[in-house]
Amino acid sequence: MRGQAATAGEGSGTLSFRVLGSWPDAPDGEAARTRAALERLLADAGGPASFLRLPSDRAAEEAVLAAAAAVPARFRRVLVLGIGGSALGARAAIEALPAPGPTRAARDVRFLANLDPASVADALEWFHPDDTLLVVITKSGATVETLTQFALFAERIRTAGGAAALREGVVAITDPERGALRRIAGSIGCRTLDVPPEVGGRFSVLTAVGLFPVALAGLDVARMLRGADGVIRALRDAGDPPTHPAVASAALHHRAWERSAVRVLWAYGDRLAALGDWFCQLWAESLGKVRADGVAVGQAPIRAIGSTDQHSLLQLAMQGPANLCLTFLTAGGPWPSLRVPDAGALDPEMREFAGRDVGEVFEALRMGTMAALVRAGRPLLHLHVPRLDEAAVGALFAHFEVETALAGFLLGVHPFDQPGVEEGKRFAHGLLGREGHERDGREARALLESEGRAE
Ligand code: PA5
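These numbers come from a predicted model, not from an experiment.

Caption draft 1: Spotlight on the environment of leucine 225. When you line up the elements, leucine 225 lands in helix α8 (residues 221-233). When the C-alpha positions of leucine 225 and proline 321 are compared, they lie 40 Å apart, and in sequence the two are 96 residues distant. Apart from residues no more than four positions distant in its own chain, leucine 225 is found in contact with Leu54, Pro55, Glu61, Leu206 and Leu211.

Caption draft 2: Representation of the site of the ligand in the model. Lining the immediate surroundings of the ligand are 13 residues, of which Ser86, Thr138, Ser140, Thr143 and Gln281 lie closest. In this structure, an oxygen atom belonging to the ligand sits 2.6 Å away from a side-chain N or O atom of serine 140. Within the side chain of arginine 202, a nitrogen or oxygen atom sits 2.9 Å from an oxygen atom of the ligand. Residue composition of the shell around the ligand, by class: one nonpolar, nine polar and three charged.

Caption draft 3: Up close: the pairing of strand β13 (residues 379-385). In terms of burial, β13 is a largely internal element, six of the seven residues being buried. Relative to β13, strand β12 (residues 324-331) runs parallel, the two sharing six bridges. Bridging across to β13, phenylalanine 328 finds its partner in histidine 382. Between the parallel pair β12 and β13, the chain is carried across by helix α12 (residues 358-375), and the sense of this crossover is right-handed.

Caption draft 4: Highlighting a nonpolar patch on the surface. Residues Leu346, Met350 and Phe353 make up a contiguous nonpolar surface patch of roughly 290 Å² in combined accessible area. Assignment of secondary structure puts leucine 346 in the loop between β12 and α12.

Caption draft 5: Main features of the nonpolar core. Counting 102 residues, the largest nonpolar core has Phe51, Leu52, Val135, Ile173, Phe212 and Phe397 as its most contacted members. Ranked by residues supplied to this core, first place goes to helix α13 (residues 390-411) with 14 residues. Split by domain, this core shows at least three residues from each of two domains, domain 1 (5-45 + 225-411) and domain 2 (50-221). Apart from residues lying up to four places away in sequence, isoleucine 173 is in contact with Val135, Val136, Ile137, Thr138, Leu181, Leu193, Val195, Ala208, Val209 and Phe212. Counting residues in hydrophobic clusters, the runner-up holds 22 residues, among them Trp126, Val136, Phe150 and Ala154.

Caption draft 6: Local environment of the sheet that holds strand β11 (residues 300-306). In spatial order, the strands read β1-β2-β13-β12-β8-β11; together these six strands make up an open sheet with mixed pairing. Edge strands, defined here as strands with exactly one partner in the open sheet, are β1 (5-8) and β11. Ignoring which end each strand starts from, the neighbouring axes of this sheet average 20° apart. Against the sheet, helix α9 (residues 245-256) touches β1, β2 (15-21), β8 (262-268), β12 and β13, its axis set at about 25° to β2.

Caption draft 7: Spatial organisation of the pairing of β12. Of all eight residues that make up β12, eight are buried, and the element is covered over most of its length. The side-chain alternation of β12 yields two buried faces, one formed by Leu324, Leu326, Phe328 and Thr330 and the other by Cys325, Thr327, Leu329 and Ala331. Both β8 and β12 contribute to a ladder of six bridges, which runs parallel. Note that in β12 the partner of leucine 265 across the bridge is threonine 327.

Thresholds, definitions, all that
- Note that residues are indexed from 1 along each chain, following the sequence as it is written.
- Local features are withheld for residues below a pLDDT of 70 in this predicted model, meaning they are given only at 70 or higher, and side-chain atom pairs are given and counted only at 80 or more; totals for whole chains, interfaces and linings count all residues.
- Calculated side-chain values reflect all of the structure's heavy atoms, with hydrogen atoms and water omitted.
- Put simply, DSSP H or I for four residues or longer makes a helix, DSSP E for two residues or longer makes a strand, and each gets a number counted from the N terminus.
- In this description, contact between two residues means that some pair of their heavy atoms is separated by no more than 4.5 Å.
- Being near a molecule or strand, for a residue, comes down to having at least one heavy atom within 4 Å of it.
- In protein, a polar contact means a hydrogen-donor-capable atom and an acceptor-capable atom, both N or O and within 3.5 Å, with residues adjacent in sequence counting only if both atoms are side-chain atoms; elsewhere, any N or O pair within 3.5 Å suffices.
- Classes in brief: Ala, Val, Leu, Ile, Met, Phe, Trp, Tyr, Cys and Pro nonpolar; Asp, Glu, Lys and Arg charged; the others, Gly included, polar.
- The buried label applies to any residue whose accessible area, calculated with a 1.4 Å probe on protein chains only, is under 20% of its type's maximum; exposed applies above 50%, and partly exposed to all values in between.
- By definition, two strands form a pair when at least two bridges between them are found by DSSP.
- Crossover handedness is defined by viewing with both strands directed away from the observer: a clockwise path from the first strand over the helix to the second marks the crossover as right-handed.
- Patch membership needs two things, relative accessible area over 30% and no salt bridge, and members are linked within 9 Å if like-charged or within 5 Å if nonpolar (Val, Leu, Ile, Met, Phe, Trp, Tyr).
- Per-residue and other accessible areas were derived by the Shrake-Rupley procedure at a 1.4 Å probe size, with only the shown protein chains allowed to occlude residues.
- Any carboxyl oxygen of Asp or Glu within 4 Å of a side-chain nitrogen of Lys or Arg constitutes a salt bridge here.
- In this description, a nonpolar core means a group of buried Ala, Val, Leu, Ile, Met, Phe, Trp, Tyr and Cys residues linked to one another through side-chain atoms lying within 4.5 Å.
- Per the annotation, domain bounds derive from an automatic or database assignment of domains.
- Whenever a helix is involved, its axis is fitted only over the stretch in contact; in every case the axis is a line through C-alpha atoms, and angles between N-to-C directions fall within 0 to 180 degrees.

In structure tokens, the structure reads:
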């Protein structure tokens, strides 16, 4: 497969994909297993894999655009409360794309995910109910971080303007029927948008969860959806054996996971850092599981940024244990053109850069790093979009979602659940004194005390 090149998508949403370095050989029957996983995924589009249908759901797209258009003009800023799959995707898109300039539709959108009291205090400082819309997103409607934050911000809005301010100043995005946030939204009478119950949290970026904040930031939601749609439609024509980038990548990672316990998504561009965070949640939470035969599977994802992490992670990747596989992600632009002046008079070494574009130097650093990793025998992929715009970001979302779901099927785990995170939540409820969780609280305390005891 080395050297294999493939593409999916259309226009600036076209992803090109190249396989480099040393991957394990394909085991017998890999092509047939991959094909079967893809068929299962496509068959599940009406159920657990319904994220596949989102890019072509015009009714949902219109509901989001109408809700964004209905936001009163006085709200020039937006604070989004949400965590995990309820925040990472929108943040990834907004940080990846340049702000569209000062138009009515382009608002300053910020996110509060963590319950770190220092971050909450900073956000409270920044938040002004007169000009800041509060968008609260939780699919379950029950997430401790988000509801705790909501209590604080809702109180701030109520104090400033009473029930009318709450009604106008809050938009809730949650399950259509269930959960505390749905009930709260009903009682305050604020606007709501639905999260389709069948779409898993970390696969929900192309629902209102991701699209509404993206629309409020003035970005082109329709283009993002079309970019994703191109990648998904290409699945029907994935080839045999499949060469569609997402399918081929899932097969490669399945082949490599026993040897490569770590997967690095190494993006060249600071704007792609949040996309890396989104991907890490998707890959870790979807695949890190115990299979029916009792084998624990998964790969620890790391996001790296080039060229910065050439001065950090690269040493480990080159000479540390051979347990990493790497995906390099690049975009062809748009980059500002910055010509380096001739500073040879300062020092002859400076001549190397004279007259070159900064992007050219940046590219040489990336290519040098990839070449070194290939020579070191590391397994490498190169994923490239011609231009970092809404279509490309949508295509990247679809690519990684498809790849993750398929990798889950190939590994033999259910990629859409997260049973391992429930116990910690139960203990936290017990520690907070929730009725019915008294035993959990006692058990959590006992576990931590026994762990801390001197031997
Ligand atoms: O993928 C998931 O389901 C989770 O990571 C959730 O997105 C995260 O826990 C937040 O959940 P909720 O949207 O219910 O607040």
